[in-house]
Amino acid sequence: MPVPLVPVAIGVGKVALPTLAKEFAKRGGTAFIKKYGRQTFNALVGGTAGYEASKFIPTIHGGEELPKIEQESFPAEDKIKTWDESFKAPEKIQTTEGLEIPPQEKIIPPGFSKPSIVDTSILTKDDVSKQTKKLVPEKVELGPLTKVEKETALALKGDKPDYYSRIIKAIKETKQTKMPYDQWAAIAKKAGSKEELDYLDIKGKETISKEDLLSEIGFKDIASNIMVTTIPEEDMVSDFDELSLGFENPGSKKMNVYQIDLLPETSEDAEFNLGKKIFQASPAHVKEKYGRNQFLHTRTQVGLGDPDAPPADFEARNEDFSDQTSIWDSKTGKENAKNISEKLQNTLIIDEIQSDWIQSIQKYGTKDKPKAKVLKGSEITPQFIKENFGDFYDLKIEKFKTQKDLLENTGLSTNKVLYSTDMATGMRAVVKRIDENLYYVFTDKGLTPESQSVAFGEKETAMDHAKDFAVADFPIKHSKKWVAFALNNEIKNAVLNGQDSIAITNGNIQQSRSKQEGTKKFYDQIVRGQLEKIATKYGVKLEEISFEPNKYLRLQENLKKLEEREFEETTVTREELYKYISDNTMDSGSIVNLPDFREIILDNNVARNEDFDAFVAALPKGTELMLFKNKKTGEINFEYPVVAKKFMLKTDKTLKRFLEGFQQWAESRGGALIKMKLPKKLQKEILKEPIKFSKAKQQTERLFT
């Protein structure tokens, strides 16, 4: 009896199992499912009906199709409805299998270039990551830290010290407790700078324990003894106002001093709460207690004028701002003063960075390595004088017919004569007749006063005198390093006080104040250079804001202040001024209580700073000079130049009118502030990480090293 045709329902009707089985055998499972669906496939191969259908699938049992099995007849139609033989199988669906898809051409709009495909076939995973970061730079997040962000960063710092020495830390963390000096020195060399290594002087032949070594060099661990003090306004010296931008936000003007806190050495030190003195900063800059062992000071303020009532004194000069981000007023050719004030409203402005100690080391050397030269008279040659002091000294060898003439004319057995050149007249004056058998001490400014007066009979005595000009050693000597240290600290102060940016003054501003050689270069190259390194590391650009906050542009305001302090135009003689200078000069020749920016003008010749004194001394007796003087106290103010009255009367009748003529000159000086916005990443790092006091040589490009 034939097998009943068991129908299976599919999407287009019903098809008998044998027919589907043959389709399965012909097409295979995957193609079958694509055409008839997963449900039909399950019905075909599963259950009783599936088993019956499988008999018609040769591939299941192998060989050819099996003969039909005869069974007893039974009324199949009573149980399962017979398949309607009029049913037609669905037509074969045409598929795209095997058809070739035409290539798609991308149309690129005009003005766009097709990006090149980066070949990553030989790139590593790290290479791809770096390349991605380069193509998509990290977004710099700016603005002051929130209270939570600030507290979190400080919490991460925990009990870490504010400052520490890399070398001392490396020695403390070394697991080995005892080894030879040279092995300790090798560890120190790897951890810190050569300057600090030389300063700590880790030398010896024997073996030493870690504990003994730390005890031996511990007193030189300056980093752990750094003390930072903000000088109260009432304790600031009088020249602070004269050496600041002014127009600050009320109460924001500060002078921060960085000192080494040492125990008192004498009962007098203890009485006045002063530590052992190893260095004293200039009294012209700070009072004694703030100058004791001071290695750095900064003057800062927040803001520059009120945006609602901006100062009219400073406005930008007419110049090319193509490489700057200034707000330019094309009608007036000046940057709007209101815009300047708005830009700097929440900016910590570092008005001055200075280190008397480190600058003294650079100029005069240290006690163990003084830079002052000790020469025997026979060693002083015209060539030596020309190479070292050619700007103001000249050595001549006077000729006499006979030795008798020499002795009669000079009283000496030598005919070497050292001359100085008078800056005002060009005339030469005798400084010293050089004795071949005596010793002389030269600093960078020439012969010391002692060498000019008596010279030295013994070389050892002259060497001791040379050390008088040198100062105590310090682990930082290069300007870039202590400037970076100062910037890091002031950035930290800005973050703690909620400022969103810092700014530095440019060299023109500083040069107009001090007149010292090298000041402009120091601020334009070293200070700005270190700020640029920080900006580059954290992905921000510096903004230059040009204006002219110069003492001549603020002339009326400053003259009014002088008048309020009872200073007035006064005529003094050359002798009176010279006496005033002498009364404020120590025996060693150092100037005290006199600012280091004084200058004198005579017949278009200008003398400044150290040359000021020699210039005054060379003036003819009775020369009249105009200056500002407090007639009650006798104090002379050097903010503005001392001017020869005879020269001044050629153009103006009063000193005030003479100074007003400098305003046009002042406008060409090009004062500017260089501003850097503070990224949040930098702010968080500066709070949570201690500031390392010295840098490893291989890591000088990093802010924290």
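See the structure shown above.
Residues numbered from 1 in each chain as written. Predicted model: local features only at pLDDT ≥ 70, side-chain atom pairs only at ≥ 80, totals over all residues. Heavy atoms only, no water.

## What about the sheet that holds strand β17 (residues 446-447)?
(1) Moving on: An order of β12-β16-β17 is seen for the three strands of this open sheet, with the pairing classed as antiparallel. The open sheet has two edge strands with one neighbour each: β12 (373-376) and β17.
(2) Moving on: For β12 and strand β16 (residues 439-443), the ladder comprises four bridges, and the chain directions are antiparallel. Its bridge partner lying in β16, K373 is registered against F442. (Pairing = 2+ DSSP bridges. Helix = DSSP H or I, 4+ residues; strand = E, 2+ residues; numbered from the N terminus.)

## What to know about the environment of I686
(1) Moving on: By the element assignment, I686 lies in helix α30 (residues 680-688).
(2) Moving on: Between the alpha carbons of I686 and A153 there is a distance of 8.6 Å; along the sequence they are 533 residues apart.

## Some words on helix α8 (residues 147-157)
(1) Moving on: For α8, the complete set of buried residues consists of E149, A153 and K157. One side of α8 carries all its buried residues, which in axial view fall inside an arc of 80 degrees. Exposed side of α8, more than 90 degrees from the buried face: K147, V148 and A155 are the residues found there.
(2) Moving on: Those residues of α8 that are buried lie in contact with α21 (479-496) and α30.
(3) Moving on: A positive backbone phi angle near 60 degrees is found at G158, which sits one or two residues after α8. (Buried < 20%, exposed > 50% of the residue type's maximum accessible area, 1.4 Å probe, protein only. Arc of directions from axis to C-beta. Contact = heavy atoms within 4.5 Å.)

## Observations concerning the packing of α21 against helix α23 (residues 519-537)
(1) Moving on: Closest axis-to-axis distance for the α21/α23 pair is 10 Å, and the angle between their directions is 55 degrees. In this view, α21 runs oblique relative to α23, as classed from their interaxial angle. In this structure, α21 crosses over α23, and the sense of that crossing is right-handed. Contacts from S479, K480, W482, V483, A484, L487, N488 and I491 in α21 reach F522, I526, V527, Q530, L531 and I534 in α23.
(2) Moving on: Its residues assigned to classes, the contact of α21 with α23 shows 10 nonpolar, three polar and one charged. (Axes fitted to C-alpha atoms, helices over the stretch in contact; angles between N-to-C directions. Parallel < 35°, antiparallel > 145°, perpendicular 65-115°, else oblique. Left-handed = near helix turned anticlockwise from the far one by under 90°. Nonpolar A, V, L, I, M, F, W, Y, C, P; charged D, E, K, R; others polar.)

## Topic: unusual backbone geometry
(1) Moving on: Not every positive phi belongs to a glycine, and N273 is a case in point at roughly 55 degrees.
(2) Moving on: When you line up the elements, N273 lands in the loop between α13 (267-271) and α14 (288-291).
(3) Moving on: Of note in the backbone geometry, E566 takes a positive phi value of approximately 70 degrees without being a glycine.

## With respect to the pattern of salt bridges
(1) Moving on: Scanning all chains against the criterion turns up 27 salt bridges.
(2) Moving on: When the shortest N-O distance is used, the salt bridge between E532 and R528 registers 3.4 Å. Here R528 and E532 lie together in helix α23, a separation of four residues that amounts to about one turn.
(3) Moving on: E532 sits in the partly exposed class, given a relative accessible area of 36%.
(4) Moving on: Under the relative-accessibility criterion, R528 is labelled partly exposed at 22%.
(5) Moving on: When salt bridges with common partners are traced through the structure, they connect E141, E149, K680 and K684 into a single cluster. (Salt bridge = Lys/Arg side-chain N within 4 Å of Asp/Glu carboxyl O.)

All quantities given are derived from atomic positions and should not be read as evidence of function.
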